[in-house]
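# Descriptive structure summary
Each chain, written out:
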Amino acid sequence: MRRPGREFGSESPKVIYVALRWNDPLPTSEQERVMVNKVADRLHVQPGELRIYNLVRPSKDRGMNLGIDEFGDVETTVKRIRARINDGHSTKRIVVGGRSGPMPVIALLLKFLLPKIRIEVRNHHKARPVNGPALGLARVIRR
């Protein structure tokens, strides 16, 4: 089942990248492919090893704001990530994009649910170079 702007990339990823939302009303498959290639390059993995999950539905100009009415979407996405990993896929790490807003809390939640998986909290994939390199490592959550 296609979930535009919510879940895309490799079906057997080694790395999962978690972002808050797609910043457009409805992305195309081509836009998703370009995003996978860009994020894979910044994470130093092959595009075929990466899957991207956006926690909530696509929306324009919402930034890192998470509305209370979007908590159901977050829960659904976290359950899908957990199910993918528990189904025996070879995922080695999860990279959570965003050191602000709800993303550090999402990283902690994922660590509690998936204690054996390496969880990294990084700058968002569009972080400006002024603040350091895009996707620069911010913190690794350990047990």
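Reference entry: report on the structure contained in this document. Every chain's residues receive numbers from 1 upward, in the order its sequence appears when written. Only residues with pLDDT of 70 or above have their local features reported here, since the model is predicted, and side-chain atom pairs are shown and tallied only from 80 upward, although totals for entire chains, interfaces and linings are computed over all residues. Note that water and hydrogens are dropped before the side-chain values are worked out from all heavy atoms of the structure.

### Quick look at the pairing of strand S2 (residues 15-19)
Looking down a regular strand, the side chains alternate between one sheet face and the other. Accessibility here uses a 1.4 Å probe with only protein chains present; expressed as a share of the type maximum, an area under 20% marks a residue as buried, one over 50% as exposed, and anything in between as partly exposed. By the criteria applied, helices consist of DSSP H or I runs no shorter than four residues and strands consist of E runs no shorter than two, each listed in order from the N terminus. Burial within S2 is extensive, with five of its five residues counted as buried. Here S2 runs beside strand S3 (residues 50-54); their pairing, made up of five bridges, is parallel. In the strand pairing of S3, Val18 is matched with Tyr53. For the handedness criterion, the strands are oriented away from the viewer, and a crossover whose path from the first strand over the helix to the second runs clockwise is classed as right-handed. Crossover S2 to S3 through helix H1 (residues 29-43) is right-handed. For two strands to pair, DSSP has to find at least two bridges joining them. Across four bridges, the pairing between S2 and strand S4 (residues 93-97) is parallel. Within the sheet, the bridge partner assigned to Val18 lies in S4 and is Val96.

### Description of the packing of helix H2 (residues 71-86) against helix H3 (residues 103-113)
Between H2 and H3, the least distance of the axes is 11 Å, while the angle of their chain directions is 40°. Considered as vectors, H2 and H3 are oriented oblique to each other. Regarding H2 and H3, the two cross each other, and that crossing is right-handed. Judged by residue contacts, Val74, Val78, Ile81 and Arg82 of H2 engage Ile106, Leu109, Leu110 and Leu113 from H3. Here the contact of H2 with H3 is built from residues that sort into seven nonpolar, no polar and one charged. All axes are obtained by fitting lines to C-alpha atoms, using only the stretch in contact for helices, and the reported angles, taken between N-to-C directions, cover 0 to 180 degrees. Working definition: roughly parallel below 35 degrees, roughly antiparallel above 145 degrees, roughly perpendicular at 65 to 115 degrees, and oblique for all remaining angles. Each crossing gets its handedness from the near helix: less than a right angle anticlockwise from the far helix is left-handed, clockwise is right-handed. Any two residues having at least one pair of non-hydrogen atoms within 4.5 Å are treated as being in contact. Following the grouping adopted for this structure description, the nonpolar residues are Ala, Val, Leu, Ile, Met, Phe, Trp, Tyr, Cys and Pro, the charged ones are Asp, Glu, Lys and Arg, and the polar ones are all others, Gly among them.

### Some details on the packing of aromatic side chains
Only centres within 6.5 Å qualify two rings of Phe, Tyr or Trp (six-membered ring in Trp) as a pair; their planes then separate them into stacked at under 30 degrees, edge-to-face at over 60, and tilted for everything else. This model, assessed by the stated rule, comprises one aromatic pair. Taking NZ or CZ as reference, Arg51 lies 5.7 Å from the ring centre of Tyr53, over its face. Over a ring means this: the NZ of a Lys or the CZ of an Arg is within 6 Å of the ring centre and within 35 degrees of the ring normal.

### Topic: the environment of Glu7
For Glu7, the location among the structural elements is in strand S1 (residues 7-9). You can call Glu7 buried: its relative accessible area is 9%. Along the chain, Glu7 and Ile81 lie 74 residues apart, while their C-alpha atoms are 9.6 Å from each other. In this structure Glu7 touches Arg51, Ile52, Tyr53, Arg80 and Arg84, once residues within four positions along its chain are discounted.

### Describing the pattern of salt bridges
The rule for a salt bridge is simple: a side-chain nitrogen of Lys or Arg has to be within 4 Å of a carboxyl oxygen of Asp or Glu. Applying the stated criterion across every chain, the model contains 14 salt bridges. The partner of Lys79 in a salt bridge is Glu75, with the nearest N and O atoms 3.3 Å apart. Of the two residues, Lys79 and Glu75 both sit in helix H2, four residues apart, roughly one turn of that helix. Here Arg118 and Glu120 are joined by a salt bridge, their closest N and O atoms 2.8 Å apart. Accessibility expressed as a relative area gives 35% for Arg118, which makes it partly exposed. Of the residues examined, Glu120 reaches a relative accessible area of 3% and is grouped as buried.

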